[in-house]
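This is what each chain is made of:
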Amino acid sequence: ALEPLSVGLAIGVASALTGYLSHPRFYCNYVECCPSAGQRLNATALKAQLDTKLFGQHLAKDVVLKAVMGFSNNPSPKKPLTLSLHGWAGTGKNFLSQILAEHVHRAGLRSKFVHLFLATLHFPHHDQLKLYKEQLQNWIRGNVSACPHSIFIFDEMDKMHPGLIDAIKPFLDYYEQVDGVSYRKAIFIFLSNAGGDLINKAALDFWTSGKSREEIQLKDLEPMLSVGVFNNKNSGLWHSSLIDRNLIDYFVPFLPLEHKHVKMCVRAEMIARGYAVDEKIVQAVADEMTFFPKEQKIYSDKGCKTVQAKLDIHEDA
């Protein structure tokens, strides 16, 4: 028979051990947890990531950094943070979304609290619009219930059925709760090529007038961009109530990339692969890219999108 003292000691140790193992700090080291209410983003780390990995996008970096940090530091936001990122392919929209996701949830796009929707994959059939709306609402409702700090990224907005995105309007509005759930701490990000032509034209106008691209401010592009997207049938936000009700906090323009930015992308990719940076190869890859307008050849027509594939050809070198 066990002595009462031994039994009591064993029970005490087991209770203490159980309590320690179930403590949130210990548990969340091994299992992903939703960020706590008091958790704040590291502004310095986020800025450093954007500065070293996102090239040629002074506007996007500045707007998103200020918007996200202001939202993160607000203990009681009135609505979810909603960003709409616009520009041609390869300019960094997906990259910025990925960096942001990693700073809110350590696992980034692999996190169970970060949800990526692709129009052509998740909403391929236009005759299923009603079903998609129901599924989208249920998915968002369920995941925000599990984690108020959920992130929802909608890629290929320009390929999305007009009217589908309006299904989430109640979640983006200034409601304290919808059906008992608060969406005010969630982040919604829309990615679209729509409006890219308008942005490119504005950038070219600045270049033609002899101004630096760094002189372009948000006020120079955002009003034109929101109107252009609202009136574009292929934007995913055509006549959307999200724009009509001013529920999108920022329309973020991504500028076309110049030769120097393409070279930055090549150098970054070489470093990521563990190579020493060879400027001859950097120049060779940049020379293989195509640029527009036809006469001036200032901007890469694919941004940095094909840099990885083109660098593969130079692997042996």
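Residues numbered from 1 in each chain as written. Predicted model: local features only at pLDDT ≥ 70, side-chain atom pairs only at ≥ 80, totals over all residues. Heavy atoms only, no water.

As annotated in an unreviewed UniProt entry, the protein chain is TOR1B protein from Haliaeetus albicilla. Taken directly from UniProt, the Sequence similarities (unreviewed entry) text for the protein chain runs: "Belongs to the ClpA/ClpB family. Torsin subfamily." (UniProt positions renumbered as here; feature names shortened; annotations may be inferred.)

In this section: the overall build of the protein chain. Each helix and strand in the protein chain was counted, giving 14 helices and seven strands. Projected onto its principal axes, the C-alpha positions of the protein chain cover 95 × 50 × 35 Å. For the protein chain, the residues scored as buried account for 44% of the 317 residues in total. Sequence-distant contacts, at least 24 apart, represent 74% of the contacts inside the protein chain between residues at least 6 apart. Carbon together with sulfur atoms contributes 55% to the accessible area of the protein chain, which is approximately 16600 Å² in total. Computing the positive centroid from 35 side-chain charges and the negative centroid from 33, the protein chain places the two 3 Å apart. (Helix = DSSP H or I, 4+ residues; strand = E, 2+ residues; numbered from the N terminus. Buried < 20%, exposed > 50% of the residue type's maximum accessible area, 1.4 Å probe, protein only. Contact = heavy atoms within 4.5 Å. Areas by Shrake-Rupley, 256 points an atom, 1.4 Å probe, with all protein chains shown as cover. Lys, Arg positive; Asp, Glu negative; His and termini not counted. Charge placed at Lys NZ, Arg CZ, Asp CG, Glu CD.)

With that out of the way, let us pick up the pairing of strand β1 (residues 81–86). The two faces of the sheet receive side chains in turn, since in a regular strand these alternate between them. Taken across its six residues, β1 has six buried, putting it largely inside the fold. Neither face of β1 is left uncovered, since the one carrying Leu81, Leu83 and Leu85 and the one carrying Thr82, Ser84 and His86 both have all their residues buried. Both β1 and strand β4 (residues 187–192) contribute to a ladder of six bridges, which runs parallel. For serine 84, the partnering residue across the bridge sits in β4 and is phenylalanine 190. (Pairing = 2+ DSSP bridges.)

Here we come to helix α9 (residues 196–208). Taking 1.5 Å of rise per residue, the 13 residues of α9 would be expected to cover 18 Å, and the 18 Å separating its terminal C-alpha atoms lies within 8% of that figure. Among the residues of α9, those classed as buried are Gly196, Ile199, Asn200, Ala202, Ala203 and Phe206. For α9, the angular spread of buried residues about the axis comes to 160 degrees, placing them on one side. Every exposed residue of α9 that faces more than 90 degrees away from the buried side is listed here: Asp197, Lys201 and Thr208. Summarising the contacts, the buried residues of α9 are in contact with β1, α10 (218–230), β5 (250–253), β6 (291–292) and β7 (299–300). Note on α9: the residue one or two positions beyond its end, glycine 210, has a positive phi of about 85 degrees. (Expected span 1.5 Å × (residues − 1). Arc of directions from axis to C-beta.)

Once that is clear, we can look at helix α12 (residues 259–272). Between its first and last C-alpha, α12 extends 20 Å over 14 residues, near the 20 Å set by a 1.5 Å rise per residue. All buried positions along α12 are accounted for by His261, Val262, Cys265, Val266, Glu269 and Met270. Looking at the packing, one finds that the buried side of α12 touches α13 (279–288), β6, β7 and α14 (307–313). Two residues or fewer past α12, glycine 274 is found with a positive phi of approximately 85 degrees.

Attention shifts here to empty space enclosed by the protein. All chains considered together, the criterion is met by one cavity of 30 Å³ or more. Space inside the largest cavity adds up to approximately 40 Å³. Pro80, Pro170, Phe171, Asp173, Tyr175, Val178, Tyr183 and Arg184 are the residues that line the largest cavity. Broken down by class, the residue content of the lining of the largest cavity amounts to six nonpolar, no polar and two charged. (1 Å grid on protein atoms, 1.4 Å probe; cavity = no way out; pocket = protein on both sides within 12 Å on 5 of 7 lines; lining within 4 Å. Points joined across faces, edges and corners; volume = space filled by probe spheres on them. Nonpolar A, V, L, I, M, F, W, Y, C, P; charged D, E, K, R; others polar.)

Under the defined criterion, the tally for this structure stands at 13 salt bridges. Between arginine 267 and glutamate 279 there is a salt bridge, and its shortest N-O distance comes to 2.9 Å. Taken together, the residues arginine 267 in helix α12 and glutamate 279 in helix α13 connect sequence positions 12 residues apart. The exposure class assigned to arginine 267 is partly exposed, which follows from its relative accessible area of 26%. Each of Lys47, Asp51 and Lys61 takes part in a single network of salt bridges with overlapping partners. (Salt bridge = Lys/Arg side-chain N within 4 Å of Asp/Glu carboxyl O.)

This part takes up the packing of aromatic side chains. If you walk through the whole model with that rule in mind, you get eight aromatic pairs. Both rings, one in phenylalanine 123 and one in tyrosine 132, keep their centres 5.5 Å apart while their planes meet at 70 degrees; by these two values the pair is edge-to-face. Here phenylalanine 123 matches tyrosine 132 in class, with each residue buried. Seen in terms of ring centroids, phenylalanine 292 and tyrosine 299 are 5.7 Å apart; in terms of plane orientation they differ by 50 degrees. Their pairing is tilted. As far as the burial class goes, phenylalanine 292 and tyrosine 299 line up, both buried. A network of ring pairs unites the aromatic residues Phe117, Phe123, Tyr132, Phe154 and Phe190 as a single cluster. The cationic tip of lysine 211 hangs over the ring face of phenylalanine 206; the distance from NZ or CZ to the ring centre is 5.1 Å. (Phe/Tyr/Trp six-rings, centres within 6.5 Å; stacked < 30°, edge-to-face > 60°. Lys NZ or Arg CZ within 6 Å of the ring centre and 35° of its normal.)

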